[in-house]
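These are the residues of each chain, in order.
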Amino acid sequence: MHAFDVLGDPVRRRILELLADGERSAGEVSAVVQEEFGISQPGVSQHLRVLRENGFTTVRAAGTRRLYAVDPAPLQEIDRWLERYRGFWTQRLDALGTEIARGRRERRRAAEPNRES
């Protein structure tokens, strides 16, 4: 399965968001995802399996619990793929930064006469 196919599913993206904050048990992930998406525990397990089998997560046993964590390697591959497209938004973000700075300067200039009063 292609990385974008894996990440195209909102449930799997949410699971990765949860795991980005640190390792979590399958039960913790299931509880959040079940509440937010209304899917069953076996459904959540299926999404965890897809993430694991496609290299997006790692899992380790801790007694009877299964602890999941993000594996950054596939995300780094996506980041490298996106690199060629960054110019489309980087230039616009730079322009936005320039406009914000210009607005701040104009507000400071407008406020200066008020300080002398």
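Scroll up for the structure.
A few points on the structure.

Each value, and the rule that gives it
Residues numbered from 1 in each chain as written. Predicted model: local features only at pLDDT ≥ 70, side-chain atom pairs only at ≥ 80, totals over all residues. Heavy atoms only, no water. Helix = DSSP H or I, 4+ residues; strand = E, 2+ residues; numbered from the N terminus. Rg over C-alpha atoms; globule rule 2.2 N^0.38 Å. Buried < 20%, exposed > 50% of the residue type's maximum accessible area, 1.4 Å probe, protein only. Contact = heavy atoms within 4.5 Å. Areas by Shrake-Rupley, 256 points an atom, 1.4 Å probe, with all protein chains shown as cover. Lys, Arg positive; Asp, Glu negative; His and termini not counted. Charge placed at Lys NZ, Arg CZ, Asp CG, Glu CD. Expected span 1.5 Å × (residues − 1). Arc of directions from axis to C-beta. Axes fitted to C-alpha atoms, helices over the stretch in contact; angles between N-to-C directions. Parallel < 35°, antiparallel > 145°, perpendicular 65-115°, else oblique. Left-handed = near helix turned anticlockwise from the far one by under 90°. Nonpolar A, V, L, I, M, F, W, Y, C, P; charged D, E, K, R; others polar. Core = buried A, V, L, I, M, F, W, Y, C linked by side-chain atoms within 4.5 Å. Salt bridge = Lys/Arg side-chain N within 4 Å of Asp/Glu carboxyl O. Pairing = 2+ DSSP bridges.

## Side note on the overall build of the chain
Then step 1. From N to C terminus, the chain includes six helices and three strands.
Then step 2. Each helix and strand of the chain, ordered N terminal to C terminal, gives the series α-α-β-α-α-β-β-α-α.
Then step 3. At 22 Å, the chain has a C-alpha radius of gyration far larger than the 13 Å of a compact globule built from 117 residues.
Then step 4. C-alpha extents for the chain along the principal axes are approximately 70 × 35 × 25 Å.
Then step 5. Expressed as a percentage of the 117 residues in the chain, the buried residues total 22%.
Then step 6. Taking all contacts inside the chain whose residues are at least 6 apart in sequence as the whole, residues at least 24 apart take part in 45%.
Then step 7. For the chain, the accessible area works out to roughly 8,200 Å², and carbon and sulfur atoms hold 50% of it.
Then step 8. Of the side chains in the chain, 20 bear a positive and 18 a negative charge, and the two mean positions are spaced by 2 Å.

## A word on helix α4 (residues 41-53)
An α-helix turns once per 3.6 residues; consequently, residues spaced three or four apart project the same way.
Then step 1. Helix length check: α4, at 13 residues, gives a terminal C-alpha distance of 18 Å against a target of 18 Å (1.5 Å per residue), a fit within 8%.
Then step 2. Those residues of α4 that sit buried are Val-44, His-47, Leu-48, Val-50 and Leu-51. Take α4 and look down its axis: the buried residues cluster within an arc of 155°, on one side only. When the buried face of α4 is taken as reference, the exposed residues oriented beyond 90 degrees from it are Pro-42 and Glu-53.

## What to know about the packing of helix α2 (residues 10-20) against helix α3 (residues 26-37)
Then step 1. Look at α2 against α3: their axes get within 11 Å of each other, and the N-to-C directions meet at 135°. Put simply, α2 runs oblique to α3. In this structure, the crossing between α2 and α3 has a hand that is right-handed. Contact residues: α2 offers Pro-10, Val-11, Arg-14, Ile-15, Leu-18 and Leu-19, while α3 offers Val-29, Val-32, Val-33, Glu-36 and Phe-37.
Then step 2. When its residues are assigned to classes, the contact of α2 with α3 shows nine nonpolar, no polar and two charged.

## Details of the nonpolar core
Then step 1. Ile-15, Val-29, Val-33, Leu-48, Leu-51 and Phe-56 are the most contacted members of the largest nonpolar core, which has 17 residues in total.
Then step 2. At the level of elements, α1 (3-7), α2, α3 and α4 are the ones that each hand at least two residues to this core.
Then step 3. Not counting the four nearest positions on each side in its chain, Val-29 is found in contact with Ile-15, Leu-18, Leu-19, Arg-24, Val-44 and Leu-48.

## Let's talk about the pattern of salt bridges
Then step 1. Using the criterion set out here, one finds seven salt bridges in the structure.
Then step 2. With a shortest N-O distance of 3.1 Å, Glu-53 and Arg-49 are connected by a salt bridge. Of the two residues, Glu-53 and Arg-49 are both situated in helix α4; the distance of four residues between them amounts to about one turn of the helix.
Then step 3. When its relative accessible area of 31% is taken as the criterion, Arg-49 is described as partly exposed.
Then step 4. The structure contains a network of salt bridges with shared partners spanning Arg-14, Glu-17 and Glu-36.

## Comments concerning the pairing of strand β2 (residues 57-62)
Then step 1. For β2 and strand β3 (residues 65-70), the ladder comprises six bridges, and the chain directions are antiparallel. By the bridge assignment for β3, Arg-60 is matched with Leu-67.
Then step 2. Taken together, β2 and the strand that follows it, β3, pair antiparallel across an intervening segment of two residues, in which Gly-63 is found at a positive phi of about 70°.

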